[in-house]
Amino acid sequence: MAVERTLSILKPDATRRNLTGAINAKLEEAGLRIVAQKRLHLTRGQAEAFYAVHRERGFFADLVAFMISGPVVVQVLEGENAVARNREVMGATNPANAAEGTIRRAFAESIEANSVHGSDSAENATQEVAFFFAGIEVVG
């Protein structure tokens, strides 16, 4: 197994309900370490650039509007197979399909307001981490 880094975003629905600590506790209990973290209020331009891969999809405008509706916490997680482990702990995108004990099952309000984002591959993790963090900001 390889030690990896992945991006995690605690979305506006989670920060609005003060769930940062509870969500991070689940991540840490799963063996992931938080090696960088900051709270931001994304601009429209930042959200559009980050989610550019979805630009042609019907949900893009709603996703951007949601992600700029309040502060987010962006963080870098590190651990054995961090990308897959984080996705497992997050649970299915649709909280109705998420397994018991997952973040989305416990905290999501809807398929859109599902509390967390996580990189879906090691390659995307590298790009997503670099989008929000300079190398000097990530400390292991």
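Residues numbered from 1 in each chain as written. Predicted model: local features only at pLDDT ≥ 70, side-chain atom pairs only at ≥ 80, totals over all residues. Heavy atoms only, no water.

Student: What is the right way to look at the overall build of the chain in this model?
Tutor: What the chain contains, in helices and strands, is seven helices and four strands. When its helices and strands are written in sequence order, the chain yields β-α-α-β-α-α-β-α-α-β-α. Taken against the 2.2 N^0.38 rule, which gives 14 Å for 140 residues, the C-alpha radius of gyration of the chain at 14 Å falls within 12% of a compact globule. If one aligns the C-alpha atoms of the chain with their principal axes, the spans along those axes are about 35 × 35 × 25 Å. Counting all 140 residues of the chain, 47% fall into the buried class. Of the roughly 7000 Å² of accessible surface on the chain, 51% is carried by carbon and sulfur atoms. When the 15 positive and 17 negative side-chain charges of the chain are each reduced to one mean point, those points stand 4 Å apart. (Helix = DSSP H or I, 4+ residues; strand = E, 2+ residues; numbered from the N terminus. Rg over C-alpha atoms; globule rule 2.2 N^0.38 Å. Buried < 20%, exposed > 50% of the residue type's maximum accessible area, 1.4 Å probe, protein only. Areas by Shrake-Rupley, 256 points an atom, 1.4 Å probe, with all protein chains shown as cover. Lys, Arg positive; Asp, Glu negative; His and termini not counted. Charge placed at Lys NZ, Arg CZ, Asp CG, Glu CD.)

Student: Would you mind going over the environment of I23 with me for this structure?
Tutor: Residue placement: I23 occurs in helix α2 (residues 20-29). Spatially, the C-alpha atoms of I23 and T102 are 9.6 Å apart, while their sequence positions differ by 79 residues. Non-local contacts of I23, meaning those with residues more than four positions away in its chain, are made with L10, A14, I103, F107, S115 and V116. (Contact = heavy atoms within 4.5 Å.)

Student: So what exactly am I meant to see when it comes to α2 here?
Tutor: The α-helix advances 3.6 residues per turn, and as a result positions three or four apart in sequence lie on the same side. Of all the positions in α2, only T20, I23, N24 and L27 are classed as buried. The buried residues of α2 occupy one face: seen down the axis, they fall within an arc of 95 degrees. In this structure, α2 carries G21 and E29 as exposed residues pointing more than 90 degrees from its buried face. Phi turns positive one or two residues past the end of α2, at G31, with a value near 90 degrees. (Arc of directions from axis to C-beta.)

Student: Help me understand the nonpolar core in this model?
Tutor: A general tendency of soluble globular proteins is for nonpolar side chains to be buried together. Ranked by size, the top nonpolar core spans 22 residues in total, and within it I9, M67, F132 and F133 carry the most contacts. Only β1 (3-10), β2 (33-40), α3 (44-50), α4 (60-67), β3 (72-80) and α7 (122-132) provide two or more residues apiece to this core. For this core, the element with the most residues is α4, which contributes five residues. In this view, M67 contacts I9, K11, P12, L42, A47, Y51 and V72; residues no more than four positions away in its chain are not counted. By size, the runner-up hydrophobic cluster in this structure holds 15 residues, among which are L10, L27, A82 and F107. (Core = buried A, V, L, I, M, F, W, Y, C linked by side-chain atoms within 4.5 Å.)

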